[in-house]
Amino acid sequence: MSVVKNDIAGMANASGVSSVSDAGSDVEVLREQLLSLRESHAALEETVERLQRERQLLEDILNAIPDKLTVHDRAEKVVFSNWSEEDTYWENRGGDRDGTVCFGCFFRGEKYCDQCQVEEVFETRKQKVIELYNPQTREYRSITVFPVACKSEDCSMVAEYVRDVTATRKMERELRVAKEAADAANKAKSEFLASMSHEIRTPMNGVLGMLDLAMDTELDEEQREYLESVQNSAESLLALINDILDFSKIEAGVIELDNQAFRLRKRLSALHTMFVHRAEERGLDFRFSVPDSVPDGLMGDPLRLRQVLVNLLDNALKFTESGQVQLAVDVVQDFPDNSVEIEFSVTDTGSGILEAHQERIFDSFAQADGSFSRRHQGTGLGLAICKRLVELMGGNIKVKSAPGQGARFSFIIPFQLAYLEEKPVARKAGSAEKKPVAACRGRILVAEDHPVNLLYIEKFLKKQGFEVQAVSDGTEVIPALREREFDLILMDIAMPEMDGMGAAKAVRASSGLKTPSTVPIIAMTAHAMKGDREQFLAAGMDDYIGKPINSDNLLSLILKYLLQNQA
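These numbers were taken from a predicted model, which means no experiment stands behind them. (Residues numbered from 1 in each chain as written. Predicted model: local features only at pLDDT ≥ 70, side-chain atom pairs only at ≥ 80, totals over all residues. Heavy atoms only, no water.)

Once that is clear, we can look at the side chain of D492. Along the chain, D492 falls in strand β15 (residues 488-492). Engagement of the side chain of D492 in a polar contact is seen with the side chain of K547, the distance being 3.1 Å. Setting aside residues up to four positions removed in sequence, D492 forms contacts with A447, E448, D449, G500, M524 and K547. (Helix = DSSP H or I, 4+ residues; strand = E, 2+ residues; numbered from the N terminus. Polar contact = N/O pair within 3.5 Å; in protein donor to acceptor, adjacent residues only side chain to side chain. Contact = heavy atoms within 4.5 Å.)

Quick look at the structure:
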């Protein structure tokens, strides 16, 4: 140490340093610098270790991704890939990851490609997504190529992200096939319902029609009693058939709601008239409650609303031995967009329903108690149909009841308001209102292939004073119109050679007939499916009447068009 000090002192004398203390100060500076270098070196080593750990973590994450990622640099070299050595991608490339072939080329089995996705993204600096299919392996791959680091003028790297979508495409294909099969099944179901509707309603039309004719003949008391029993049974059978067909159509999704303006109080008045006499016969107090706050003009489906209310009122009267049945209508909420929510409730003082049965009664073919089906006729579908129809109209039906305390069925439906104006008929002072007269007569052509239905319609029309000619197929309509002039045509829809719509189109397109091509045509149909009415009108028909045919409705419809032509 003394030697070092002597050397430092000598150096200091040689350099003109005046004291040994200055040399000691330089040694301390060197020591501090050496310590600082050591600390910096340790910090660098720690930083390198941390970066290596982070790099390893990032590589572990990227390698763990089930999808494949490859990064190419500008020289078209692979700078990173999470493909393993066992992957066929690298095996087919000779085990060398340093190459220029993109995965799209490899998947298509091409060694070189003129339109490499990697090169394109380097040039455009925009992401590109493609999907490829290999017919040999029957596999799909979704390939996303995107720039990783872009400078202002150039891209330094491009990544290629490959996902195996074979299972997804297979599932999509299976779902598509299943949907097509379901659509085909729904179509077959709709066609079956249409066929069943026609096949059942057509003979029922003959049964009820001939019963109507028989009831108009001279009968002794015993015969009339028998025929009335048959008529009641036939009407009950028709109600059962209608319930089953309605429910089947709802389940098949072939019922669409109408949206038209209607007067609520007018519809409710018709319901009151329909049930009030039945309630009086049973000694029941029958009430309708409709406050002035309830709007009268509404937009909705009045026929389906009526169907729900008829079913609920029918049940209430059926299961109420004494007391009261009431239909109440109330406004729940008004909205600024001219819409309103209205609650309809039917309350009775009948036998009531156990709480355990209250959910079950809305199920298909279910009743609250099996003994009800023995004491009262019914399919067990009425409330199930009500529930489906209310839900289609945007509501939800509920029941509140207890044994011996009656029941309250209620539902809330949203409606748009409709502003309907009254249109009074202008009449001259002192003149009487003109009414349709039964003296209106004319010649009617009936096209009907069912012999019993044809016999009923012929007999009924002749009893009303009409002159009737019948044909049994649509192919016979035009020849009949060439020979005589008719005032109206009643056209069955389902006929063997040419159906009613084809015959109606032929009439409208014809010329040179003794009967004008504008002759009114009324369809007679046992079909009850969605879109039928529009098809009939599009074929050139003026109106239609459903089977089983109500004789009063048929006569009213005929007089309507005959009087229009005479006006």
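A few words now on a positive patch on the surface. On the surface, R138, K170, R173 and R176 cluster together into a patch of positive charge. Tracing the backbone shows R176 in helix α6 (residues 166-215). Judged by relative accessible area, R176 falls into the partly exposed class, the value being 46%. (Patch = residues over 30% accessible without salt bridge, like charges linked within 9 Å, V, L, I, M, F, W, Y side chains within 5 Å. Areas by Shrake-Rupley, 256 points an atom, 1.4 Å probe, with all protein chains shown as cover. Salt bridge = Lys/Arg side-chain N within 4 Å of Asp/Glu carboxyl O. Lys, Arg positive; Asp, Glu negative; His and termini not counted. Charge placed at Lys NZ, Arg CZ, Asp CG, Glu CD. Buried < 20%, exposed > 50% of the residue type's maximum accessible area, 1.4 Å probe, protein only.)

This next bit is on the environment of R484. Within the element layout of this structure, R484 appears in the loop between α13 (477-483) and β15. Between the alpha carbons of R484 and T515 there is a distance of 6.5 Å; along the sequence they are 31 residues apart. In contact with R484, other than residues within four places in its own chain, are R443, E467, Q469, K514 and T515. Here the side chain of R484 touches Q469 through a polar contact of 3.5 Å, side chain to side chain.

Moving on, we get to the pairing of strand β12 (residues 407-417). Judged from the 2 bridges that link them, strand β8 (residues 297-300) and β12 form a sheet pairing that is antiparallel. Each bridged residue has a counterpart across the sheet, and for L298 the counterpart in β12 is L417. Relative to β12, strand β10 (residues 339-348) runs antiparallel, the two being bridged by 10 bridges. Looking at the pairing, E341 lines up with P414 of β12. (Pairing = 2+ DSSP bridges.)

Residue-level pLDDT values for the protein average 79, and 80% of them are 70 or greater. Note on residues 370-379: pLDDT under 50 across the span, and 12 contacts to partners over four residues away in sequence or across chains. Throughout residues 423-439 the model reports pLDDT below 50, and contacts reaching past four residues in sequence, or to other chains, amount to 4 contacts. (pLDDT = per-residue confidence, 0-100.)

With 47 residues, the main nonpolar core has L264, L312, F344, F409, F411 and F415 as its most contacted residues. Secondary structure elements with two or more residues in this core: α7 (221-251), α8 (264-281), α9 (302-318), β9 (324-335), β10, α11 (382-392), β11 (397-401) and β12. Contact partners of F409, with chain neighbours within four places excluded, come to L312, F344, S345, V346, I353, I361, F362, L383, K398 and V399. In this structure, I493, V507, L513 and I521 belong to the second largest nonpolar core, which totals 23 residues. (Core = buried A, V, L, I, M, F, W, Y, C linked by side-chain atoms within 4.5 Å.)

Our next topic: a negative patch on the surface. A contiguous patch of negative charge, built from D220, E221, E222, E225 and E228, is present on the exposed surface. Position of E225 relative to the elements: it lies in helix α7.

On the basis of which strands lie adjacent, the open sheet formed by 5 strands has the order β14-β13-β15-β16-β17 and parallel pairing. Every other strand in the sheet has two partners, leaving β14 (467-471) and β17 (543-546) as the edge strands with one partner each. On average, each strand axis in the sheet is tilted by 20° relative to the strand beside it, whichever way the strands run. The pairing of strand β16 (residues 521-525) with β17 spans 4 bridges and is parallel. If you follow M524 over to β17, its bridge partner there is I545. In the packing of helix α14 (residues 500-509) onto the sheet, the strands contacted are β15 and β16, and the crossing angle to β15 comes to about 150°. Sheet contacts for helix α16 (residues 551-566): β13 (443-447), β15, β16 and β17; angle to β17, the most-contacted strand, approximately 170°. (Axes fitted to C-alpha atoms, helices over the stretch in contact; angles between N-to-C directions.)

With that out of the way, let us pick up a nonpolar patch on the surface. Taken together, the side chains of L237, L240 and I244 define a hydrophobic patch exposed on the protein surface, amounting to about 230 Å² of accessible area. Its place among the elements puts I244 in helix α7.

Attention now moves to the packing of aromatic side chains. Under the counting rule described, the total for this entry stands at 7 aromatic pairs. Here the aromatic rings of F344 and F411 are separated by 5.4 Å at their centres, their planes lie at 20°, and the arrangement is stacked. Taken together, the residues span a long stretch of sequence, with F344 in strand β10 and F411 in strand β12 at a distance of 67 residues. Note on F344 and F415: the rings are 6.4 Å apart at their centroids and 75° apart in plane angle, and the pair reads as edge-to-face. Of this pair, F344 sits in strand β10 while F415 sits in strand β12, placing them 71 residues apart in sequence. On the basis of relative accessible area, F344 is assigned to the buried category, the value being 1%. For F415, a relative accessible area of 5% translates into the label buried. Among the aromatic side chains, those forming a connected cluster through ring pairs are F262, F344, F411 and F415. (Phe/Tyr/Trp six-rings, centres within 6.5 Å; stacked < 30°, edge-to-face > 60°.)

What follows covers α16. Helix length check: α16, at 16 residues, gives a terminal C-alpha distance of 22 Å against a target of 22 Å (1.5 Å per residue), a fit within 8%. Within the span of α16, buried status applies to S551, L554, L557, I558, L559, Y561 and L562. (Expected span 1.5 Å × (residues − 1).)

Once that is clear, we can look at the pattern of salt bridges. Enumeration according to the criterion identifies 25 salt bridges in this entry. Its salt-bridge partner being K463, residue D216 comes within 3.8 Å of it at the nearest N-O pair. In this pair, D216 is assigned in the loop between α6 and α7 and K463 in helix α12 (residues 451-463), connecting sequence segments 247 residues apart. We classify D216 as exposed; its relative accessible area is 57%. The partly exposed category is assigned to K463, whose relative accessible area is 47%. K387 is the partner of E391 in a salt bridge, and the nearest nitrogen-oxygen pair spans 2.7 Å. Within this pair, E391 and its partner K387 are both found in helix α11, separated by 4 residues, close to a single helical turn. E391 sits in the partly exposed class, given a relative accessible area of 38%. Since its relative accessible area comes to 25%, K387 is described here as partly exposed. The network of salt bridges with shared partners includes E131, R169 and E172.

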